[in-house]
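Chain by chain, the residues:
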Amino acid sequence: MTDRAGRTQTARIDGNDQVLVGWPFSPLSSRESVDVSARVTLSDGTTSAWSDPLRIETGLLRRDDWTAGLVVPSAEAPRTGPRGAWLLRSQFDLERAPVSARLYVTAQGIYRAEINGGRVGDDELAPGWTSYDHRLRAQAYDVTEHIVAGGNALGFELADGWFRGNIGFDGGLWDFYGSQIGIVAQLELVGHDGSVRVVDLDRGWKSSPSATTATALYEGENYDARLFDRQWSSWGFDDSLWTRPEVRDLATVAARIEHAVAEPVRQIEELHPTAVDYLPNGRIRLDFGQNISGRLAFTTTGPAGHILRFHHAEVLEDNELAVRPLRRATSVDSYVFSGHGEETWQPVFTIHGFRYAELEGWPQDSLAPDAVRAVVLHTDMDRTGWFAVDHPQLQQLHDNTVWSMRDNFVDLPTDCPQRDERMGWTGDIQVFAPAALFLYGSGGVLDSWLRDVSDEQGADGSVPNFVPWVPCGFPEASSAVWGDAATVVPWTMWEQLGDRGILAQQYPSMTGWVDHLARRADPDGAVRTGFALGDWLDPVAPPEDPGAARTDRYLVTTAYLVRSARIAAETAEILDDPVAAVKHAAIAQHALAGFRKEWVLPSRELVGESPTALALAICFDLFELDEHRTRAGSRLAEMVAEGGYVIPTGFVGTPIICDALATTGHIDAAYSLLLQTECPSWLYPITMGATTIWERWDSMLPDGQINPGDMTSFNHYALGAVVDFLHRSVAGLAPLEPGYRRVRVAPLPGASVNAASTRHDSAYGPIEVSWRRDDDNFDLVVHVPFGVTAEVELPWSQGVSHVAAGRHEFHIPIQSISHSVL
């Protein structure tokens, strides 16, 4: 490690750990910058060359590092509709350009920054949505290239965002976190002599309403280009008519300030229309061929004062934009032309979920190619997981799930990107976390969100059903499955990433939730009372009552208490807390005894037997003997066959039903469920043209009409959690040790699927599995990176091999396999 002064330190770390190795030097302080290189000494004494240096720089780590005030251009606003954005600017003069410059920013609201007329950074909707009463996220920008000798100007455009805008369903709430919006901006310059100067901006701030005359996350954005002056963030701009904003002492902000641990939201890609229709009412309808989260961007000319409006929807109904499912999220943007030549614009402070858009008032007779684009926005995570299969509809299911994850990872994991909701529902990510962590480097997003889970957790350990919590009408009481995100998500991060640190960070939250749920149990260990959402969206539930499932909700609750208590006990062991390990293992055993007493008959059948109940008992290991589990698997296979292989489960059972079948020897039944196209099924939406995962199995009915329920989204990833089964069982790759240090390769061919492959870019490198079969042969190829070992279990009981790094091929002649196991 080499610091700015050129001082070098070295440290030797013994052992064979390669990933998430502990920092061997003293902790870095605020603003510290070092270059770090590593080399490896193998067991034979061979030593590698030093790696290229990696620059590490810290931000402002202590609260007293922040000396800037909170600049408030708007202390309150009417609650009659979307409010306009505000411009803020401050000027400063330098004799000499700095060696380096850093801009540290956080906000109550969402912002975009400029210096000397140029945009700072490429992040969107910054600083994002957190539990603002507890913490504000900060961004750090390298602005060295923006700062010049002489006059400089720093500018911000600031809007309500989540902090002050109307958020939530059932009418939502205005000003939930505060009646004001404000920015904290600290500009620090390093001179040629190494000195650090904090630029005094607070005395120079001026503010004015911006050309964004109204903006809100749900409703959309209105922009009047006639009001825009390109020089507003440049030195020498005449701001004499602007007003002085209030500058509050930062001590008035109770929330802690933390630098972001996740990647920012960015503009990821642009899509062009796949179809353009000129409608009789004068509108132009665009079909982008993909349901997304994002915004429209356009380039065209128009006369001054002409108004162009963009309308958005996910689907069509009766050849019209289907806006009823959006509820209060009107999702209309408008632009007033300046009349000054070619104009390009996209909204800044709103985001929509849509596939279709209609242009109202397009100023030309026709739409030129590339004139309108759909800009995809989400957290800029690295892709880490892929899956391919020779079954087109099954491939589309996987592709749809990837898109739904992308569309719902806009700063935090949400339920939907389109209607007046977009909340961090805990249950959704609880069931989807394994898929999320396989497909994308989503650890930063989940780490950030789990901090809010801890902050929002009650003193009694209760966990809100969505985080950040907004009391907009939904019951505040915790529900199992949803609250279990407090244990399951960090545990899944440990399994997928090998991140012991996330367990340590979330440990109080994990044990707090288990203790809360255990206190709700009766003396015999079973939970029989209290709020419980149960197997939400069971196909038998009517549109107006999505919680009316066939499975006892308290069976679900008690099963999850067993699971979460076991996780807490294992976590305590990993973190060297033996007392807590014993305590939570006892809670798990007590709840298990209660489960068996209440729901397992002397015949070892379940009371109120349902597919979800059987799947839970199988996958959560709730039976006393293996033979009972085997019988339950057979009964589950019978039930899905009796039901015609349509989905018989809701929110709880759907992610695990294929596993329950496959692990009890019924892979053919699992494939029959997977490949079913009748409603309800995973592939039914594919037959209806879906490009994302639906919230309901029948969000759109076979006749093209939309489900009449009030809760109908066409972009919810939860029911796509089955792709985890595709990765682990169809393609056959799963971690055996945390972080994929040791993996299991065990593909399960079946039905009409004759080839599948998967790849996961682990911290050790890419791990790949691919297989193909025909009438004569089954061939499997496995790629294992250095540092990883694999246990390869061939299908049809053809043996187990243990392999190290390298490429490995396995071949099975089909004729050598008994027909009884094929």
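Going by the structure above, here's the rest.
About the criteria used
Residues numbered from 1 in each chain as written. Predicted model: local features only at pLDDT ≥ 70, side-chain atom pairs only at ≥ 80, totals over all residues. Heavy atoms only, no water. Axes fitted to C-alpha atoms, helices over the stretch in contact; angles between N-to-C directions. Helix = DSSP H or I, 4+ residues; strand = E, 2+ residues; numbered from the N terminus. Parallel < 35°, antiparallel > 145°, perpendicular 65-115°, else oblique. Left-handed = near helix turned anticlockwise from the far one by under 90°. Contact = heavy atoms within 4.5 Å. Nonpolar A, V, L, I, M, F, W, Y, C, P; charged D, E, K, R; others polar. 1 Å grid on protein atoms, 1.4 Å probe; cavity = no way out; pocket = protein on both sides within 12 Å on 5 of 7 lines; lining within 4 Å. Points joined across faces, edges and corners; volume = space filled by probe spheres on them. Buried < 20%, exposed > 50% of the residue type's maximum accessible area, 1.4 Å probe, protein only. Patch = residues over 30% accessible without salt bridge, like charges linked within 9 Å, V, L, I, M, F, W, Y side chains within 5 Å. Areas by Shrake-Rupley, 256 points an atom, 1.4 Å probe, with all protein chains shown as cover. Salt bridge = Lys/Arg side-chain N within 4 Å of Asp/Glu carboxyl O. Lys, Arg positive; Asp, Glu negative; His and termini not counted. Charge placed at Lys NZ, Arg CZ, Asp CG, Glu CD. Polar contact = N/O pair within 3.5 Å; in protein donor to acceptor, adjacent residues only side chain to side chain. Core = buried A, V, L, I, M, F, W, Y, C linked by side-chain atoms within 4.5 Å. Pairing = 2+ DSSP bridges.

The next thing to look at is the packing of helix 6 (residues 500-519) against helix 7 (residues 553-574). Running from N to C, helix 6 and helix 7 point in directions that differ by 140°, and their axes come no closer than 9 Å. Taken together, the axes of helix 6 and helix 7 lie oblique to each other. The interaxial crossing formed by helix 6 with helix 7 has left-handed handedness. Residues Arg 500, Leu 503, Tyr 507, Met 510, Thr 511, Trp 513, Val 514, Leu 517 and Ala 518 of helix 6 form the contact with helix 7, whose participating residues are Thr 557, Leu 561, Ser 564, Ala 565, Ile 567, Ala 568, Thr 571, Ala 572 and Ile 574. Counted by class, the contact of helix 6 with helix 7 contains 13 nonpolar, four polar and one charged residues.

Further remarks concern empty space enclosed by the protein. All chains considered together, the criterion is met by seven cavities of 30 Å³ or more. Taken as a whole, the largest cavity holds about 150 Å³ of empty space. As for the largest cavity, its lining consists of 14 residues, and the residues nearest its centre are Trp 162, Ile 351, Val 410, Thr 414 and Arg 422. Classifying every residue of the lining of the largest cavity by side-chain character gives nine nonpolar, two polar and three charged. Empty space within the second largest cavity amounts to approximately 90 Å³. Lining the second largest cavity are Leu 397, Asn 400, Trp 682, Pro 685, Ile 686, Ala 690, Thr 692, Ile 693, Trp 694, Arg 696, Trp 697 and Leu 719.

Moving on, we come to the environment of Ile 292. Residue placement: Ile 292 occurs in strand 20 (residues 284-300). Sequence separation between Ile 292 and Met 1 is 291 residues, and the spatial gap between their C-alpha atoms is 43 Å.

With that settled, the discussion passes to helix 12 (residues 667-674). Most of helix 12 sits out of view: six of its eight residues are buried. The complete set of buried residues in helix 12 reads Ile 667, Ala 669, Ala 670, Tyr 671, Leu 673 and Leu 674. Contacts made by the buried residues of helix 12 are with helix 2 (392-408), helix 10 (626-642), helix 11 (657-662) and helix 14 (723-731).

Moving on, we come to a negative patch on the surface. A grouping of Asp 774, Asp 775, Asp 776 and Asp 779 is seen on the molecular surface, where their side chains present a negatively charged patch. For Asp 774, the position within the fold is in the loop between strand 34 (765-773) and strand 35 (777-784).

With that out of the way, let us pick up the side chain of Asp 447. Turning to its location among the elements, Asp 447 is positioned in helix 4 (residues 443-456). Residue Asp 447 is classed as buried on the basis of its relative accessible area, which comes to 15%. In this structure, Asp 447 is in contact with Val 261, Met 493, Ile 502 and Gln 505, ignoring residues within four places of it in sequence.

On to the environment of Ala 322. Examined against the element boundaries, Ala 322 turns out to sit in the loop between strand 23 (320-321) and strand 24 (332-336). Each C-alpha atom of the pair Ala 322 and Asn 707 lies 11 Å from the other, and the pair is 385 residues apart in sequence. The residues contacting Ala 322, other than those within four sequence positions of it, are Ala 313, Val 315, Leu 316, Glu 317 and Ile 706.

Mapping Arg 295 onto the fold places it in strand 20. In terms of polar contacts, Arg 295 uses its side chain to reach the side chain of Glu 124, at 3.0 Å.

What follows is about the nonpolar core. Formed by 175 residues in total, the largest nonpolar core has its most connected members in Leu 674, Trp 682 and Leu 780. For Leu 674, the contacting residues outside a window of four places in its chain are Leu 394, Cys 658, Trp 682, Leu 683, Val 722, Phe 725, Leu 726 and Val 730. Counting 27 residues, the second-largest nonpolar core is a separate cluster that includes Phe 92, Val 105, Ala 113 and Val 199.

A separate point is the pairing of strand 36 (residues 789-793). Pairing geometry for strand 32 (residues 742-745) and strand 36, over four bridges, is parallel. Within strand 36, the position partnered with Val 743 by the bridge is Ala 790. As judged from the four bridges shared by strand 36 and strand 37 (residues 800-803), these two strands associate in the antiparallel manner. Each bridged residue has a counterpart across the sheet, and for Glu 791 the counterpart in strand 37 is His 802. Where strand 36 folds back on strand 37, the antiparallel hairpin that results is connected by six residues, among which Trp 796 adopts a positive phi of roughly 60°.

Our focus in this paragraph is the pattern of salt bridges. Counted by the stated rule, this structure contains 63 salt bridges. Measuring nitrogen to oxygen at the nearest pair gives 2.8 Å for the salt bridge that ties Glu 421 to Arg 327. Of the two residues, Glu 421 is situated in the loop between strand 30 (412-413) and helix 3 (426-439) and Arg 327 in the loop between strand 23 and strand 24; the sequence distance between them amounts to 94 residues. The exposure class assigned to Glu 421 is buried, which follows from its relative accessible area of 6%. Relative accessible area serves as the criterion here: at 22%, Arg 327 is assigned to the partly exposed category. A salt bridge links Arg 419 to Glu 695, with the shortest nitrogen-to-oxygen separation between them at 2.8 Å.

What follows concerns unusual backbone geometry. In this structure, Pro 468 follows Val 467 across a cis peptide bond, with omega equal to 0°. When you line up the elements, Pro 468 lands in the loop between helix 4 and helix 5 (485-497). Omega for the bond connecting Cys 679 with Pro 680 falls within 30 degrees of zero, at 5°, which places this linkage in the cis form. Structurally, Pro 680 is set in the loop between helix 12 and helix 13 (684-687). One non-glycine residue, Leu 20, lies in the positive phi region at around 50°. In this structure, Asp 411 takes a positive phi of about 80° despite not being glycine. Turning to its location among the elements, Asp 411 is positioned in the loop between strand 29 (409-410) and strand 30. Looking at Asp 411, the relative accessible area reads 10%, which means it is buried.

To summarise the sheet geometry, strands pair through backbone hydrogen bonds and adopt either a parallel or an antiparallel arrangement. Ordered by their spatial adjacency, five strands build an open sheet running 8-7-10-5-13, and the pairing between neighbours is antiparallel. Of all the strands in the sheet, the pair left with one neighbour each is strand 8 (118-120) and strand 13 (206-209). The mean angle between the axes of side-by-side strands here comes to 30°, regardless of whether they run parallel or antiparallel. For strand 7 (residues 110-115) and strand 10 (residues 150-159), the ladder comprises six bridges, and the chain directions are antiparallel. Opposite Ile 115, over in strand 10, you have Leu 154 as the bridge partner.

Looking now at a nonpolar patch on the surface. On the surface, a nonpolar cluster with roughly 310 Å² of combined accessible area is contributed by Val 40, Leu 42 and Phe 786. Tracing the backbone shows Leu 42 in the loop between strand 2 (33-36) and strand 3 (54-57).

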